[in-house]
Amino acid sequence: MTDLPHHGSSDHAAVLGARHNELRARYETFRAKGLRLDITRGKPSSEQLDLSAAMLSLPGRDDYLSADGWDCRNYFGSVQGLPEARALLSGLVGAPPERMIVAGNSSLALMHDAILWALVHGMPGGRPWRDVRFLCPVPGYDRHFAILEGLGIAMVPVPLTGAGPDMDAVERLVADPSVKGMWCVPKYSNPTAETYSAASVERLAKMKAAPDFRIFWDNAYAVHHLTDARPELANLLDACARHGNPDRAFVFASTSKITFGGGGLGMLATSKANLDWYLGHMTRRTIGPDKLNQLRHVRFFRDPDGIARHMEAQRRLLVPRFAAVYERFDALLGGTGTATWNRPDGGYFVNLDVMDGCATRVVALAKDLGIAMVPAGRTFPYGKDPRDRNLRIAPTCLAVEEVRAAAEGVALCVLLAASERIGKVD
Ligand code: PLP
């Protein structure tokens, strides 16, 4: 991502400063429309959810037996999840079905539990984590940071580069044995949409770290393509095994943004030692997952190709929404020097960087226009963006025309905030 000019230091600034009154007038005109638009969270739109509507009548009154003949209406079997659900979803986590768990409705809950159990019991063969730190690539996913904040784990931000985290910084920091974990959203990252390069994956697998250091590899957007670019993500579990660090990674995925938001299946894959450790604690926490929902997913998709076809249909719904953002941002912000934004190849977000010191003001101005944005800073640990510039736009949930209106409103706020800032400086 390119850096923006410092306020007051460019030709753009002079032009923008002169436009302040005009921008204020356009802002007031927009406000008079009285719109109510929410671009805060990456939720599927109702049209996307409709694509899974047939699931609501699956598996059906008379179809409740698993492939092994178990009655899925009842308690049975292992907490690991139905073998056929694991077979269906193993491609999302890049591990064989026997090395994964398909659980309940939330992958975030699986991540939370792994960290909590490490604090209470220690990772396999290790002592309970005390006074530990996590590396947090930024900008990142606010709920990852919230888990750590809630459990009192210190967070160390590491910048993302467009091909994964700054690996020189990661290697330096992870040499400290108090660093026990690291968050990664390795494909179509939330919110920057970058996919970690093969070289980054290799270095993560190979670097020297504490034996009970773990990478939390949240592959939430594994199959969420928006273009034909389809960047390959190297298999971290395989790379860790190859480099003699077989227990280094927990890989997570979810169908929350494939089928129903919060009504899908969370899953994880990891080494044999980690899996046994996880299952040991999990069997005390729950008798087993909702196997009917697992059966429903199996009946609906049938095989991984079914998932791929479904994601193509989702893509057709999402592309015009993202295009509406680019169109308005290009038209209003292009060439003004006030913002940079990406055109993601996948995932759920447009990542917007505004002029330093302006993000909080943009969110406040947008609120007054009736546009709800995630508070500035949320994409950083402790809610603190040191440059107050990063904003996450979630265009998926609104109708295309609403997305267009929201993007226009945000763009006006970006311009107005920049012109105010320039006014203060000059
Ligand atoms: N991980 C990432 C990176 C996400 O963006 C989200 C949802 O936005 C989740 C996890 C939540 O997944 P789940 O609904 O399975 O808990």
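Since we're looking at a predicted model, the values are computed, not measured. (Residues numbered from 1 in each chain as written. Predicted model: local features only at pLDDT ≥ 70, side-chain atom pairs only at ≥ 80, totals over all residues. Heavy atoms only, no water.)

With that out of the way, let us pick up the overall build of the chain. For the chain, the count of helices and strands is 14 helices and twelve strands. Radius of gyration (C-alpha) of the chain: 23 Å, near the 22 Å computed for a compact globule of 426 residues. Counting only C-alpha atoms, the chain reaches 70 × 55 × 35 Å along its principal axes. Out of the 426 residues in the chain, the part that is buried amounts to 54%. Accessible area for the chain stands at about 17,600 Å²; split by element, carbon and sulfur atoms hold 53% of it. (Helix = DSSP H or I, 4+ residues; strand = E, 2+ residues; numbered from the N terminus. Rg over C-alpha atoms; globule rule 2.2 N^0.38 Å. Buried < 20%, exposed > 50% of the residue type's maximum accessible area, 1.4 Å probe, protein only. Areas by Shrake-Rupley, 256 points an atom, 1.4 Å probe, with all protein chains shown as cover.)

Strand order in this open sheet of seven strands is 2-8-7-6-5-3-4, and the pairing throughout is mixed. Two strands lie at the open edges of the sheet, namely strand 2 (100–102) and strand 4 (154–159), each paired on one side alone. Averaged over all pairs of adjacent strands, the angle between their axes in this sheet comes to 20°, without regard to strand direction. Strand direction decides the pairing type here: strand 3 (residues 133–138) and strand 4, joined by six bridges, are parallel. Opposite Arg133, over in strand 4, you have Ala154 as the bridge partner. Each of strand 3, strand 4, strand 5 (179–184) and strand 6 (214–218) is contacted by helix 6 (residues 142–150), which is oriented at about 160° to strand 3, the strand it contacts most. (Pairing = 2+ DSSP bridges. Axes fitted to C-alpha atoms, helices over the stretch in contact; angles between N-to-C directions. Contact = heavy atoms within 4.5 Å.)

The three strands lie next to each other as 9-10-12, forming an open sheet whose pairing is antiparallel. In this open sheet, the two strands that pair with only one neighbour each are strand 9 (339–341) and strand 12 (390–393). Here the average twist between neighbouring strands, direction ignored, is 25°. Where strand 9 lies against strand 10 (residues 350–354), three bridges are found, and the strand directions are antiparallel. Bridge pairing in strand 10 links Ala339 to Val354.

Near the ligand lie 13 residues; those nearest to it are Asp218, Tyr221, Ser254, Ser256 and Lys257. For the ligand, an oxygen atom lies 2.8 Å from a polar atom in the backbone of Ser107. One of the side-chain N or O atoms of Asp218 is found 2.5 Å from a nitrogen atom in the ligand. The protein chains hide 88% of the 400 Å² of surface that the ligand would expose on its own. In terms of residue class, the shell around the ligand is built from five nonpolar, six polar and two charged. (Near = heavy atom within 4 Å. Polar contact = N/O pair within 3.5 Å; in protein donor to acceptor, adjacent residues only side chain to side chain. Nonpolar A, V, L, I, M, F, W, Y, C, P; charged D, E, K, R; others polar.)

Now for the pattern of salt bridges. Summed over all chains, the structure comprises 29 salt bridges. Arg41 is paired through a salt bridge with Asp142; the nearest N and O atoms lie 2.9 Å apart. Linking Arg41 in the loop between strand 1 (37–38) and helix 3 (46–50) with Asp142 in helix 6, this pair joins segments that are 101 residues apart in sequence. Judged by its relative accessible area of 23%, Arg41 is partly exposed. The class of Asp142 is buried, set by a relative accessible area of 11%. The closest approach of N and O atoms between Arg343 and Asp330, which form a salt bridge, is 2.7 Å. With a gap of 13 residues between them, Arg343 in the loop between strand 9 and strand 10 and Asp330 in helix 12 (residues 304–333) connect regions that are remote in the sequence. Assessed through its relative accessible area of 47%, Arg343 is described here as partly exposed. The exposure class of Asp330 is partly exposed, given its relative accessible area of 34%. (Salt bridge = Lys/Arg side-chain N within 4 Å of Asp/Glu carboxyl O.)

Turning our eyes to something else, we now look at the side chain of Thr270. The topology assignment puts Thr270 in the loop between strand 8 (266–269) and helix 10 (272–285). The exposure class assigned to Thr270 is buried, which follows from its relative accessible area of 0%. Polar contacts involving the side chain of Thr270 include one to the side chain of Asn274, which spans 2.9 Å. Excluding residues that lie within four positions of it along the chain, Thr270 makes contacts with Arg99, Leu237, Ala249, Phe250 and Leu275.

Among all positions of helix 6, only Asp142, His144, Phe145, Ile147 and Leu148 are buried. Among the structural elements, helix 5 (107–121), strand 3, strand 4, strand 5, strand 6 and strand 12 are those in contact with the buried residues of helix 6. The positive-phi residue at the C-terminal boundary of helix 6 is Gly152, with phi of around 70°.

It is worth spelling out the nonpolar core at this point. Phe329, Leu352, Val354, Ile371, Met373, Leu391 and Val410 are the most contacted members of the largest nonpolar core, which totals 55 residues. Listed by contribution, the elements that provide at least two residues to this core are helix 1 (11–18), helix 2 (20–32), helix 12, strand 9, strand 10, helix 13 (359–368), strand 12 and helix 14 (400–425). Looking at which element gives the most residues to this core, the answer is helix 14, with 13 residues. Apart from the residues within four sequence positions on either side, Val410 is in contact with Ile39, Phe329, Leu352, Ile371, Met373 and Ile393. Ranked by size, the runner-up nonpolar core spans 52 residues in total, among them Met167, Phe213, Leu233 and Val298. (Core = buried A, V, L, I, M, F, W, Y, C linked by side-chain atoms within 4.5 Å.)

On to the packing of helix 5 against helix 6, then. For the pair helix 5 and helix 6, interaxial distance at closest approach is 11 Å and the crossing angle is 30°. Overall, the two elements helix 5 and helix 6 adopt an arrangement that is roughly parallel. Every pair of crossing elements has a handedness; the one defined by helix 5 and helix 6 is right-handed. Touching Leu108, Met111, His112 and Ile115 of helix 5 are Arg143, His144, Ile147 and Leu148, all from helix 6. (Parallel < 35°, antiparallel > 145°, perpendicular 65-115°, else oblique. Left-handed = near helix turned anticlockwise from the far one by under 90°.)

Geometry of a packed helix pair, given as the angle between the helix axes and the separation of the axes. For the pair helix 5 and helix 10, interaxial distance at closest approach is 11 Å and the crossing angle is 100°. In terms of their interaxial angle, helix 5 and helix 10 are classed as roughly perpendicular. Residues Leu110, Asp113, Ala114, Trp117, Ala118 and His121 of helix 5 lie in contact with helix 10, whose contacting residues are Trp277, Tyr278, His281, Met282 and Arg285. Here the contact of helix 5 with helix 10 is composed, by residue class, of seven nonpolar, two polar and two charged.

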